[in-house]
Amino acid sequence: MQEKVWGRRSKEDKVHSLIDKVYKVLNLNIAWEKVKANKGSGGIDRVTLEEFERDLERNLREIHRLLYEDRYEPTPVRRVWIPKPNGDKRPLGIPTIRDRVVQQALLNRMGKIFEPKFLECSYGFRPHRSAHQAIERVEGYLQEGCEWIVEVDIEKYFDTIDHDLLMDFVKEEIADRRVLKLIRTFLEAGIMEETKRINALTGTPQGGVISPLLANIYLHSFDEAMTQEGYKVIRYADDIVVVCRSRKEAETAIGRIREILEGKLKLRLNADKTRIVHKRKGFEFLGFYVGCGYSDYKMPQDKAVKAFKDKVRFITRRHQPKSMSMIIAELNPVVRGWGNYFVKSNCQRIFVQLDYWMRTRITAYKLKRQGGYGHREYPYTRLRAMGMLFLKDLLYA
């Protein structure tokens, strides 16, 4: 039976004239302000935000001219490797400031076209939607009696997106040849790792401004098919769970998931991590461990705790010429960001344990700075007086 596709436009309904709105000077200025607010380092040309801004009018005028003349050519992204909690590393592509501005200008216009098409089950990288809302939707389904969960893990999702399929999905809404060509050139711009250039045959670089939107466009057909068939899907970018009422429904769902993701979309599922689990055995989603004892609960998963401790260890490493106030100033945003993400979970015990561990770390740093050794620990009141934020403080904020 042929699958029904929702929201597909006829030829007359597609957006035919878009490039003029992309290169509009006002749009480029708005794009620049967003790129500047997001901060970040330079790409392979090593041009920083500050350097770009010094000659901002000329830089934006040059981008406008090249887009107007259909001669804009993106440069390869600079690849850096980011450590993961499990000891592995993930690649991050850093475009040049100029390319980021153009991608943001595209995003400003394309987002308005595709956002109304996306479904309720999609939460990642969308306006007014968050990971917390995705978790709340999962909890709502569990409270309604759904006890079986299909955890879906796509191997190297951003690196394996098929360019031709992605462009077909974009063409469902956009018919402007110049915009389609521009998107394709970004996909094929390649990667620079040290002095070696790597051609991009598949994928959209993590770190690209437009990559999250393209990633959502690519998985939208998955959302459509699964939702149309009655499955309860919750997706945040490539983090996916499907919540079912019975083991049989879950087994049918996982077969359908494989058909769509591995068949239609040419992606690869991690066989070990794509599995069916009952809620009593617990499952992980978006940094939370969700389980069921006397009642349903959620808490920070182990690798999230490890990632937090790794950040604190790095900030409080002892051999660095920084004062206590400087260390605390670096530490507080990490504590606030991590704590606010997990504060609505069953976290009080973990917060107390981590606060004690942080106090030990900061005390050791202080003693080292003073040239002394010992086991005397600074009281919480003294560290708070110095401006230090603790996780437990967020429980009562």
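Residues numbered from 1 in each chain as written. Predicted model: local features only at pLDDT ≥ 70, side-chain atom pairs only at ≥ 80, totals over all residues. Heavy atoms only, no water.

Structural notes on the packing of helix α4 (residues 56-68) against helix α5 (residues 97-114)
Where we set the bar: Where helices are involved, their axes are fitted lines through C-alpha atoms of the stretch in contact, as for all axes, and angles between N-to-C directions lie from 0 to 180°. Put simply, DSSP H or I for four residues or longer makes a helix, DSSP E for two residues or longer makes a strand, and each gets a number counted from the N terminus. With respect to orientation, any angle under 35 degrees is reported as roughly parallel, any angle over 145 as roughly antiparallel, any angle of 65 to 115 as roughly perpendicular, and every other angle as oblique. In this scheme the crossing of two helices becomes right-handed for a clockwise turn of the near helix relative to the far one and left-handed for an anticlockwise turn of less than a right angle. By definition, residues are in contact when any of their heavy atoms lie within 4.5 Å. Three classes are used: nonpolar for Ala, Val, Leu, Ile, Met, Phe, Trp, Tyr, Cys and Pro, charged for Asp, Glu, Lys and Arg, and polar for all others, with Gly counted as polar.
For the pair α4 and α5, the least separation of the axes is 11 Å and the interaxial angle reads 60°. Classed by the angle they form, the pair α4 and α5 counts as oblique. The crossing of α4 and α5 is right-handed. On α5, the residues that touch Leu60, Ile63, Leu66 and Leu67 of α4 are Arg98, Val101 and Val102. When grouped by side-chain class, the residues that make up the contact of α4 with α5 number six nonpolar, no polar and one charged.

Remarks on the packing of aromatic side chains
To be explicit about the condition: Pairs were defined over the aromatic rings of Phe, Tyr and Trp, the Trp ring being its six-membered one, requiring ring centres within 6.5 Å. Orientation was assigned from the angle between planes: stacked under 30 degrees, edge-to-face over 60, tilted for the rest. Only protein chains enter the accessibility calculation, which uses a 1.4 Å probe. A residue is then buried if its area is under 20% of the maximum for its type, exposed if over 50%, and partly exposed in between.
Within the structure shown, the criterion is met by 15 aromatic pairs. Geometrically, the ring pair formed by Phe288 and Phe342 is edge-to-face, given 4.9 Å between the ring centres and 65° between the ring planes. Within this pair, whereas Phe288 is found in strand β10 (residues 288-292), its partner Phe342 is found in helix α13 (residues 324-342), the two being separated by 54 residues in sequence. Given a relative accessible area of 1%, Phe288 falls into the buried group. A ring pair is formed by Trp338 and Phe342, whose centres lie 4.7 Å apart and whose planes are at 50°; its orientation type is tilted.

What to know about the sheet that holds β10
The test is simple: In this analysis, strands are considered paired if DSSP registers two or more bridges between them.
Spatial ordering of the open sheet is given by β9-β10-β11, a layout of three strands whose pairing is antiparallel. The sheet is open, and its two edges are formed by β9 (283-285) and β11 (296-300), each paired on a single side. With strand direction ignored, the average angle separating the axes of adjacent strands in the sheet is 30°. Relative to β11, β10 runs antiparallel, the two being bridged by five bridges. Of the residues in β11, the one forming a bridge with Cys292 is Asp296.

Some words on the nonpolar core
Under the convention used in this document: Buried residues of nine kinds, namely Ala, Val, Leu, Ile, Met, Phe, Trp, Tyr and Cys, make up a nonpolar core once their side-chain atoms join them within 4.5 Å.
Ranked by internal contacts, the top residues of the largest apolar core, which has 72 residues, are Met110, Val150, Val170, Ile217, Phe222 and Leu261. A per-element tally of this core places helix α10 (residues 211-228) first, with nine residues. In contact with Val170, not counting residues within four places along its chain, are Met110, Phe114, Leu180, Ile183, Leu214 and Ile217. Within the second largest apolar cluster, 46 residues are counted, among which are Tyr123, Leu142, Val290 and Ile327.

Considering the pattern of salt bridges
Opposite charge on two side chains lets them pair, provided their charged atoms get close. Defined as follows: One speaks of a salt bridge when a side-chain nitrogen belonging to Lys or Arg is within 4 Å of a carboxyl oxygen belonging to Asp or Glu.
Applying the stated criterion across every chain yields a total of 27 salt bridges. Here Lys279 makes a salt bridge to Asp296, at a shortest N to O gap of 3.2 Å. Taken together, the residues Lys279 in the loop between β8 (275-278) and β9 and Asp296 in strand β11 connect sequence positions 17 residues apart. Note on Lys279: relative accessible area 10%, which makes it buried. Note on Asp296: relative accessible area 32%, which makes it partly exposed. Across the salt bridge formed by Lys306 and Asp310, the nearest N and O atoms sit 3.1 Å from each other.

Remarks on helix α6 (residues 131-143)
Filter applied, for reference: Each residue after the first adds 1.5 Å to the expected span of a helix. Each direction from the helix axis to a C-beta atom contributes to the arc, which is the arc of those directions.
Across its 13 residues, α6 extends 19 Å between first and last C-alpha, which sits within 8% of the 18 Å expected from 1.5 Å per residue. Of the positions making up α6, those classed as buried are Ala131, Ala134, Ile135, Val138, Tyr141 and Leu142. Along α6, the residues classed as buried sweep out an arc of 120° about the axis, all on the same side. Of the residues trailing α6, Gly145 is marked for its positive phi of about 110°.

Focus: the sheet that holds β8
Reading across from one edge, β6-β7-β3-β8 is the order of the four strands in this open sheet, with antiparallel pairing throughout. Strands with a single pairing partner mark the edges of an open sheet, and in this sheet they are β6 (232-236) and β8. On average, adjacent strands in this sheet sit at an angle of 25° to one another, irrespective of strand direction. Pairing geometry for strand β3 (residues 148-153) and β8, over four bridges, is antiparallel. Note that in β8 the partner of Ile149 across the bridge is Val277. Relative to β6, α10 is tilted by about 170°, and along the sheet it contacts β6 and β7 (239-244). The sheet strands contacting helix α11 (residues 247-264) are β3, β7 and β8, and the helix crosses β3 at an angle near 20°.

Concerning unusual backbone geometry
Phi at Phe125 is positive, roughly 55°, even though this residue is not glycine. As for its position among the elements, Phe125 is in the loop between α5 and α6. One non-glycine residue with positive phi stands out, namely Lys156, at about 45°. Here Lys156 shows up in the loop between β3 and α7 (157-160). A residue is classified by how much of its surface remains accessible, and Lys156, at 60% relative accessible area, is exposed.

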